[in-house]
Amino acid sequence: MKKKLKWIGLGLVGLILVAVIGFLVWTQLTYGPTDEALGYAAEATEVDNRLEFGDPDSEVGIILYPGAKVEKEAYAYYGSRLAEEGVFVAIPSLRLNLGIADIDAAETIIAAHPGIERWIVGGHSLGGSAASGFALENESRVEGVIFLASYPISSMVESELRVLSISGEVDGLATQTDIEASRENVPDDAVFYEIVDGNHANFGMYGPQDGDNDSPLSAKEQLDETIEQILNWL
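All of these numbers come straight from a predicted model, not from anything done at the bench. (Residues numbered from 1 in each chain as written. Predicted model: local features only at pLDDT ≥ 70, side-chain atom pairs only at ≥ 80, totals over all residues. Heavy atoms only, no water.)

Visitor: How should I be thinking about the packing of helix α3 (residues 76-84) against helix α7 (residues 219-233) in this particular structure?
Guide: Following both chains from N to C, one finds α3 and α7 inclined at 45°, their axes separated by 10 Å at the closest point. The angle between α3 and α7 falls in the class oblique. Relative to α7, α3 is oriented so that their crossing is right-handed. Seen from α3, the contacting residues are Tyr77, Tyr78, Arg81 and Leu82; seen from α7, they are Lys220, Leu223, Asp224, Thr226, Ile227, Ile230 and Leu231. In terms of residue class, the contact of α3 with α7 is made up of seven nonpolar, one polar and three charged. (Axes fitted to C-alpha atoms, helices over the stretch in contact; angles between N-to-C directions. Helix = DSSP H or I, 4+ residues; strand = E, 2+ residues; numbered from the N terminus. Parallel < 35°, antiparallel > 145°, perpendicular 65-115°, else oblique. Left-handed = near helix turned anticlockwise from the far one by under 90°. Contact = heavy atoms within 4.5 Å. Nonpolar A, V, L, I, M, F, W, Y, C, P; charged D, E, K, R; others polar.)

See below:
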């Protein structure tokens, strides 16, 4: 009986080990940036495995968390365009390529740039949810949250945070049903904007994504509309 239990125990340990290894391998199967995105990423300064765009003494700084398993360079266009408008932008690499595993990624960025007067955190998909978790724990240092095809990790109703939620009409992952449901978890003055024909993957530049719907828009077209709304909100 003891020998049988021993083999059962070893079997369970083996299954757990296989599951952990499988998960770690899965997190490394990332969506890489397109060639166009790499061109914009070349404009950045890379510091401590993050991309930085613009003047580190700007009034406003935005920290943008990548979506799950999407490489940071895929979001470089945000940094390039927003920096032209005087906004400092930092895009970190996230632990295990998952925002939920690195919610406090903004901490070291804020500490490294004391000249920034107003901080906004945000992100795409799971990255936006993770950023909201950081904001809720740091309301004294963060002014607001930008959700890109995303929604809060927990209720923000009682917070003083400003909220901007931008979604895509034909998004197959963060659907309009999901976005509408998220209204119950953000302050009443939150701003919601829907991009007609927008999908999930076009909030970055990394090509098609599993589970998403096709869009007649190019990534650049959707990003330009997104960035226009961010600037209006700021």
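So that's the structure; there's more coming.
Visitor: Even after reading the chapter, I still don't get the environment of Leu64, so can you show me in this structure?
Guide: Mapping Leu64 onto the fold places it in strand β3 (residues 60-65). Through-space distance from the C-alpha of Leu64 to that of Gly122 is 5.0 Å; in sequence the pair is 58 residues apart. Once residues lying within four places of it in the same chain are set aside, the contact partners of Leu64 are Tyr75, Tyr78, Ala90, Ile91, Pro92, Gly122, Gly123 and Leu148.

Visitor: Where do I start with empty space enclosed by the protein in this structure?
Guide: Gaps left between atoms are located by rolling a probe of water-molecule size over the structure's atoms. Enumeration according to the criterion identifies one cavity of 30 Å³ or more in this entry. The volume enclosed by the largest cavity comes to roughly 50 Å³. Every residue lining the largest cavity is listed: Ile62, Leu64, Tyr78, Leu82, Val89, Ile146, Leu148 and Ile230. Those elements that place two or more of their residues in the lining of the largest cavity are β3, α3 and β6 (144-148). Residues of the lining of the largest cavity, tallied by class, amount to eight nonpolar, no polar and no charged. (1 Å grid on protein atoms, 1.4 Å probe; cavity = no way out; pocket = protein on both sides within 12 Å on 5 of 7 lines; lining within 4 Å. Points joined across faces, edges and corners; volume = space filled by probe spheres on them.)

Visitor: Quick question: what am I supposed to make of a negative patch on the surface here?
Guide: A cluster of like negative charges, contributed by Glu139, Glu160, Asp188 and Asp189, occupies part of the molecular surface. Residue placement: Asp188 occurs in the loop between α6 (176-182) and β8 (191-195). Overall, Asp188 belongs to the exposed group, its relative accessible area being 84%. (Patch = residues over 30% accessible without salt bridge, like charges linked within 9 Å, V, L, I, M, F, W, Y side chains within 5 Å. Areas by Shrake-Rupley, 256 points an atom, 1.4 Å probe, with all protein chains shown as cover. Salt bridge = Lys/Arg side-chain N within 4 Å of Asp/Glu carboxyl O. Lys, Arg positive; Asp, Glu negative; His and termini not counted. Charge placed at Lys NZ, Arg CZ, Asp CG, Glu CD. Buried < 20%, exposed > 50% of the residue type's maximum accessible area, 1.4 Å probe, protein only.)

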